[in-house]
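The primary structure of each chain is shown beneath.
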Amino acid sequence: MPLIILIVTGLIIGFFLFDDYGASWDEPDLYTYADQSIRAYSIHDRISGQFSLDSLLGPDNLRLYGPAYLIFGRLVVNLFKFCLPGVLEIDLWHLVNFWVYWAGMIVFYLLLLRWFKPLVSLLTVLLFATQPVVFGISWIDPKDIPFMVLFIISLYFGLKLVDRLSDAFRDPVLVENRNDLLVFKKETLRKLNIVCLCLISLSIIIFLFSPTIENTIRSTIMGMQERSESDLIYTIFHNLARQSQTVPLKSYAGKAVSIFYTFRSGLTFLSIFLTTFSFSLKLFPLWINRLIFLIKSVNASYFKKGIRNKNIWTLSIACFFLGVTTSTRVLGPLMGILTVLELCRHFRWRSLPIIALYFMGTVVITYIFWPYLWQDTIQRFIDVFIHMSDNPVSVGVLFRGTVYDSKDLPADYLPWLLGVTLTIPSLFFIITGFLIYCFRLVSKKIDIGTWIFVAWLMIPLGYVLIFRPAMYDNYRHFLFILPALFFFSALSFDSLLNIKKSYLIQVLCFVAALSGCLGIVRDHPYEYSFYNSLVGGMEGAAGKYETDYWLTCYRELTEQVNRNESNANNIFVAFVPNLVRYYADKRFEIIKANDPSYPPDSLLFLPLRREALYQYQELPVAYRIQNGNVTLCLARRVE
């Protein structure tokens, strides 16, 4: 029943609210990046020789962010466009973003069921899902919210993998027998050595003659027009290169050389791997044979007849979601590490073959869904990891009335913002739950498996407190730690409902869990700018903290201008004019505001962010968007 309630609620909320929210600062570029990433899979461009990954993904640093979610989102949005032709595309994106967020809440509920009763799990999910900040961001953020959702899903299926292994290893199928260890005969080893020698010799020859081979390939393709149609090489080339009449032969020559060097790298890797394996059999026969025995035992247990398909599916799904999580944001492997540690905690050395398969499957999925990594994979992944671990973006951040550089924020930036942007009831349940967890841990009354939530929270939080990476837009980059934080609130609900089982207690818990709805209703559609009563709400936070930092108010301002403006033809927009182009009538020309003076009878859009609201005060205010007593953005008329 709770699961049905969550599903129906998410569907209804999505349908009724999806067209209320304005586009956010990053969305135009991200959705363009989605289209670019999909074009990276074009077979036609590759065959024609017109494919260039670097030029396709553009000069923007978005390529450093994995596009997996954006690719899937674009496909769903295109489907919705076909079904709902009259709806703005940006609104369809918001609908997809929210439903993905709500799907994450449903999986979070299923995850909590491992430790808590359905009622406790439902209350925890409602408390989390109705946090105004998270609810508001869920519509307009196609980066951080999907990553949080995928983080939850990766853990859920990672633990499902642990469950499947528990079932498979319950009864040992094989017992190690020393007589079975010498599995390689001398004849087999001799053949393996011959193969290694041949591969090494071929690799050396290809490496030494690489310049000659490259020149031969280039000259053969460049001289293709001089060959007769009956020539075998000419026939093969034109069967493979069907666009050779329109695409320059130079492009085909470059592509062929690239394929040659890829083949050389693969052959070298295979040679080194087999040679290392061959020497290991001679130097460490006992360890190699034990490794083979381990693989056999796992194969006999995990992939035995009757449960093989189910186990393969579980492993494949776990690999898929961890790979998609990683190719959405490079921090994804953290959840993989936590899953691996849980596997080792349960099964120790017996989990090694499954961990290897888990790792390889994740790598393959990550590679498939992150086009930027298709070239120079290892180096680029390292570059991305370095970039993301210390975000080099330097912008001004308004915090407690002072503008700080995003690279030099106070140490308490993240904890403080969590304290003033989450609802008061949620803070009470989280803090109380943390104390309950500590008490149960000391008294050894807590499920040791819950360590994974503590690690999920404390590793990123510790990293922020110690290394103080650049942060901006409040704490959106660390939204993925919130599910772990709200896990502690489940302990509070569980303890409260166990004190006295009465309907009054249950009703009070539901009221507390849904308390965030008051903030959602009051601040709609700017819920992500919510601040609690500790700082006086949004009105008290304005001028001291970031509020509408994504400029979503531009939608409401533009719609107001569409309805009422009859004089102005030009609209000059501060920061991101594309946010206005989504909604402006075609009679307006939208221009970025970057000049000190503007022509008469124009409108100038200015937001609260970065104090742009207080610029050009000599110009009269023509339109204004407010949330309560807080002006989020306004339009000044140039006279």
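Residues numbered from 1 in each chain as written. Predicted model: local features only at pLDDT ≥ 70, side-chain atom pairs only at ≥ 80, totals over all residues. Heavy atoms only, no water.

(A) Layout of empty space enclosed by the protein. Here the structure, examined in full by the defined rule, presents three cavities of 30 Å³ or more. Within this model, the largest cavity holds a volume of roughly 130 Å³. Lining the largest cavity are 15 residues, with Tyr65, Pro142, Lys143, Asp144 and Thr328 positioned closest to its centre. Sorting the residues of the lining of the largest cavity by element identifies α5 (68-83) and α9 (144-168) as the ones contributing at least two each. (1 Å grid on protein atoms, 1.4 Å probe; cavity = no way out; pocket = protein on both sides within 12 Å on 5 of 7 lines; lining within 4 Å. Points joined across faces, edges and corners; volume = space filled by probe spheres on them. Helix = DSSP H or I, 4+ residues; strand = E, 2+ residues; numbered from the N terminus.)

(B) Up close: the packing of helix α2 (residues 27-39) against α5. Their axes nearest at 9 Å, the elements α2 and α5 cross at an angle of 90°. Relative to α5, α2 is oriented roughly perpendicular. The segment α2 lies against α5, with Leu30, Tyr31, Tyr33, Ala34, Asp35, Ser37 and Ile38 engaging Leu70, Ile71, Arg74 and Leu75. (Axes fitted to C-alpha atoms, helices over the stretch in contact; angles between N-to-C directions. Parallel < 35°, antiparallel > 145°, perpendicular 65-115°, else oblique. Contact = heavy atoms within 4.5 Å.)

(C) Main features of the nonpolar core. If you look at the biggest cluster of nonpolar residues, it comprises 170 residues, and the most contacted ones within it are Tyr101, Met105, Phe453, Trp456, Tyr475, Tyr554 and Phe605. Looking at this core, the element that brings in the most residues is helix α6 (residues 89-112), giving 15 residues. Apart from residues lying up to four places away in sequence, Tyr554 is in contact with Val573, Ala574, Val576, Leu579, Val580, Phe605, Leu606, Pro607 and Cys633. Ranked by size, the runner-up nonpolar core spans nine residues in total, among them Tyr234, Ala241, Val247 and Tyr252. (Core = buried A, V, L, I, M, F, W, Y, C linked by side-chain atoms within 4.5 Å. Buried < 20%, exposed > 50% of the residue type's maximum accessible area, 1.4 Å probe, protein only.)

(D) Looking closely at the side chain of Arg637. Within the element layout of this structure, Arg637 appears in strand β7 (residues 630-638). For Arg637, the side chain forms a polar contact with the side chain of Glu565, separated by 2.9 Å. Ignoring anything within four residues of it in the chain, the contact list for Arg637 reads Glu565, Asn567, Ser602, Leu603, Leu619, Pro620, Ala622 and Tyr623. (Polar contact = N/O pair within 3.5 Å; in protein donor to acceptor, adjacent residues only side chain to side chain.)

(E) Expanded view of the pairing of β7. Burial within β7 is extensive, with nine of its nine residues counted as buried. One ladder, built from six bridges, connects strand β5 (residues 602-607) with β7; its direction is antiparallel. For Leu603, the partnering residue across the bridge sits in β7 and is Arg637. Counting the residues that bridge the hairpin from strand β6 (residues 621-627) to β7 gives two residues, and of these Gly628 lies at a positive phi of roughly 70°. (Pairing = 2+ DSSP bridges.)

(F) Region of the structure containing the sheet that holds strand β3 (residues 570-573). Overall, mixed pairing links the five strands, which are arranged β4-β3-β5-β7-β6 in an open sheet. Here the strands that pair on one side only, and so sit at the sheet edges, are β4 (589-592) and β6. Direction aside, neighbouring strands of the sheet carry axes that sit 20° apart on average. In this structure, β6 lies alongside β7, joined through six bridges in antiparallel fashion. Bridging across to β7, Arg624 finds its partner in Leu634. Along the sheet, helix α26 (residues 553-564) contacts β3, β5, β6 and β7; its crossing angle with β6, the most-contacted strand, is approximately 140°.

(G) Expanded view of the packing of α6 against helix α8 (residues 132-140). Between α6 and α8, the shortest axis-to-axis distance is 6 Å and the interhelical angle comes to 135°. By the angle between their directions, the pair α6 and α8 is classed as oblique. Only Val134, Phe135, Ser138, Trp139 and Ile140 of α8 make contact with α6, whose side of the interface consists of His94, Asn97, Phe98 and Tyr101.

(H) Highlighting the environment of Leu95. Assignment of secondary structure puts Leu95 in helix α6. Between the C-alpha atom of Leu95 and that of Gly14, which follows or precedes it by 81 residues, the distance is 5.9 Å. Those residues in contact with Leu95 that lie beyond four places of it in its chain are Gly14, Phe15, Phe18 and Phe80.

(I) Region of the structure containing the pattern of salt bridges. All told, the structure shown has 20 salt bridges when counted by the stated rule. Of the charged contacts, one joins Arg637 and Glu565 as a salt bridge, the two residues approaching to 2.9 Å between their closest N and O atoms. In this pair, Arg637 sits in strand β7 while Glu565 sits in the loop between α26 and β3, placing the two residues 72 residues apart along the sequence. Judged by relative accessible area, which is 5%, Glu565 ranks as buried. It is possible to trace a salt-bridge network through shared partners that takes in Asp26, Lys143, Asp144, Arg329, Asp473, Arg476 and Arg609. (Salt bridge = Lys/Arg side-chain N within 4 Å of Asp/Glu carboxyl O.)

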